[in-house]
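What follows is the residue order along each chain.
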Amino acid sequence: MNWDDTRIFLALSREGTLRSAARQLGVDQATVGRRITAMEKALGAKLFLRASDGYLLTPAGESALAAARRMEAAALELKNKIDGQDDALGGTVRVSCTDSIAVDYLLPALGELHREHPQIRVDLEVSTQMLSLPRRQVDLAVRNIKPDNPDLVVRRVTQWPVGLFASAAYLAEHGDPAPGSEFAGHDVVAYKPYLEGGRLFTLLDESARQGRVTAALNSSLMLRRAVAAGLGLGEMPLGMGEREGLVRVWPERTRRADYEVWLVMHPDLRGAARLRTVADFIARTLSV
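Remember, predicted model here, so these are calculated numbers, not experimental data.

### Points about the overall build of the chain
Stage number 1. Check the secondary structure of the chain and you find 10 helices and 14 strands.
Stage number 2. The proportion of buried residues among the 288 residues of the chain is 45%.
Stage number 3. Within the chain, contacts between residues at least 6 apart in sequence are counted, and of these 74% link residues at least 24 apart.
Stage number 4. By element, 50% of the accessible surface of the chain is carried by carbon and sulfur atoms, the whole surface being about 14,800 Å².

### Structural notes on unusual backbone geometry
Stage number 1. If you check the backbone angles, Leu204 has positive phi at about 50° while not being a glycine.
Stage number 2. For Leu204, the location among the structural elements is in the loop between strand 9 (202–203) and strand 10 (206–207).
Stage number 3. On the basis of relative accessibility, which here comes to 1%, the residue Leu204 falls in the buried class.
Stage number 4. Notably, Trp250 is not glycine yet its phi reads approximately 50°, a positive angle.
Stage number 5. On the secondary structure map, Trp250 appears in the loop between strand 13 (247–249) and strand 14 (259–265).

### Concerning the packing of aromatic side chains
Stage number 1. Taken as a whole, this structure holds 6 aromatic pairs when the rule is applied.
Stage number 2. Geometrically, the ring pair formed by Tyr105 and Trp160 is stacked, given 5.1 Å between the ring centres and 15° between the ring planes. Of the two residues, Tyr105 sits in helix 5 (residues 99–116) while Trp160 sits in strand 6 (residues 153–160), which places them 55 residues apart along the sequence. One exposure class covers both Tyr105 and Trp160, and it is buried.
Stage number 3. For the ring pair Phe183 and Trp250, a centre distance of 5.4 Å and an interplane angle of 35° mean the geometry is tilted. One end of the pair, Phe183, is in the loop between helix 6 (168–174) and strand 8 (187–191); the other, Trp250, is in the loop between strand 13 and strand 14, and 67 residues separate them in sequence.
Stage number 4. Its relative accessible area of 1% is what places Phe183 among the buried residues.
Stage number 5. Taken together, the ring pairs in this structure connect Phe9, Phe48 and Tyr55 into an aromatic cluster.
Stage number 6. Over the ring of Tyr105 we find Arg243; its NZ or CZ atom is 4.5 Å from the centre of that ring.

### Regarding the pattern of salt bridges
Stage number 1. Enumeration according to the criterion identifies 14 salt bridges in this entry.
Stage number 2. Measuring nitrogen to oxygen at the nearest pair gives 2.8 Å for the salt bridge that ties Arg35 to Asp5. Pair noted here: Arg35 is in helix 3 (residues 29–43) and Asp5 is in helix 1 (residues 3–15), with a separation of 30 residues, a long-range link.
Stage number 3. Judged by relative accessible area, Arg35 falls into the partly exposed class, the value being 26%.
Stage number 4. The partner of Arg224 in a salt bridge is Glu244, and the shortest N-O contact between them spans 3.1 Å. Of this pair, Arg224 sits in helix 8 (residues 220–228) while Glu244 sits in the loop between helix 9 (238–243) and strand 13; the two residues are 20 residues apart in sequence, bridging distant segments of the chain. Just as Arg224 is buried, Glu244 falls in that class too.
Stage number 5. Among the ionic contacts, a cluster of salt bridges with common partners joins Asp104, Arg224, Arg225 and Glu244.

### Let's talk about the sheet that holds strand 6
Stage number 1. In space, the 5 strands of this open sheet follow the order 4-3-5-14-6, with mixed pairing throughout. Of all strands in the sheet, those bounded by a partner on one side alone are strand 4 (120–126) and strand 6. Shown here is a sheet whose adjacent strand axes are inclined to one another by a mean of 20°, direction ignored.
Stage number 2. Alignment of strand 3 (residues 91–97) against strand 5 (residues 140–143), held across 2 bridges, turns out to be parallel. Bridge assignment links Val95 to a residue of strand 5, and that residue is Leu140.
Stage number 3. Against the sheet, helix 5 engages strand 3, strand 4, strand 5, strand 6 and strand 14, with an angle of about 170° to strand 4.

Rules used throughout
- Each chain carries its own residue numbering, running from 1 in the written order of its sequence.
- It should be noted that, the model being predicted, local features are given only for residues of pLDDT at least 70 and side-chain atom pairs only at 80 or more, the latter also being counted only at that level, while totals for whole chains, interfaces and linings use all residues.
- For the side-chain quantities, the full set of heavy atoms in the structure was used; hydrogens and water were omitted.
- Numbered from the N terminus, helices here are DSSP runs of H or I no shorter than four residues, and strands are runs of E no shorter than two.
- Exposure is judged per residue with a 1.4 Å probe applied to protein chains only, and the accessible area is read against the type maximum: over 50% gives exposed, under 20% gives buried, and values in between give partly exposed.
- Any two residues whose heavy atoms approach within 4.5 Å are treated as being in contact.
- Here the open area of atoms and residues is found with the Shrake-Rupley method and a 1.4 Å probe, where only the protein chains shown may cover a residue.
- Stacked, edge-to-face and tilted are the three classes for Phe, Tyr and Trp ring pairs, Trp counted by its six-membered ring, which pair at centre distances within 6.5 Å; planes under 30 degrees apart are stacked, over 60 edge-to-face, the rest tilted.
- We count a charge as sitting over a ring when the NZ of a lysine or the CZ of an arginine lies within 6 Å of the ring centre and within 35 degrees of the ring normal.
- Criterion for a salt bridge: a side-chain nitrogen of Lys or Arg within 4 Å of a carboxyl oxygen of Asp or Glu.
- Note: two strands are recorded as paired if DSSP finds a minimum of 2 bridges between them.
- Fitting a line to C-alpha atoms yields each axis, with helices limited to the stretch in contact; the angle taken between N-to-C directions then spans 0 to 180 degrees.

Following this line, the structure appears as structure tokens:
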């Protein structure tokens, strides 16, 4: 198996369909199917079962998968080592971040970076998913949860106090919630991951079990817009609530845990000039 064939094999094993694998690789479905058939012929073994809902690995495919992963790790290690020694202030840097951070902070500031370093291109992957740095899906990640992978380079670039907000129209109709009422008689907007896993849903560390959840969203930007649309009360970093023109409820209180922002990169890449430049730029932009 050569590396090009291995990439196609890995993509199909992870995605499960020709269409998804082709989209990930940037090729057409016919190419994926043709290369897989050629691989199976060259190896003299069936690697996949063609099921009604996609492609499933055979026992031979599972054995090939272990070897393919080792090949991928070696290829990525080589690329990381070479990229980490790159002193050129040019090329592409792939950055993953949330939609709120992209809209409020990075997009307005990227013009300055471009003026200073016109040869650097920043590709923004706006997602709440934890894209993989070890697999080089992205080069830098801006996250609000500290990764627990000890092999990554992690630094906290800022932390923002979190408050409770509502629209003026909502408060005119419903009034302020009474502390200790568990938000009885009020509508609340929730960040969806906070509702999962059986955890107690709180707003500013106060139980919201009596509140009526009108919307649960996995996007901080959409949560803000839902609150602005009058769907209910919601908590968010103070600066974001103010940007949205919302009214702060219980202004004397903030959540005990601040909203932390972490910048993460692969250790082999911290020596790359373009990555250091973009990382430092992001850190400065978010810490103001």
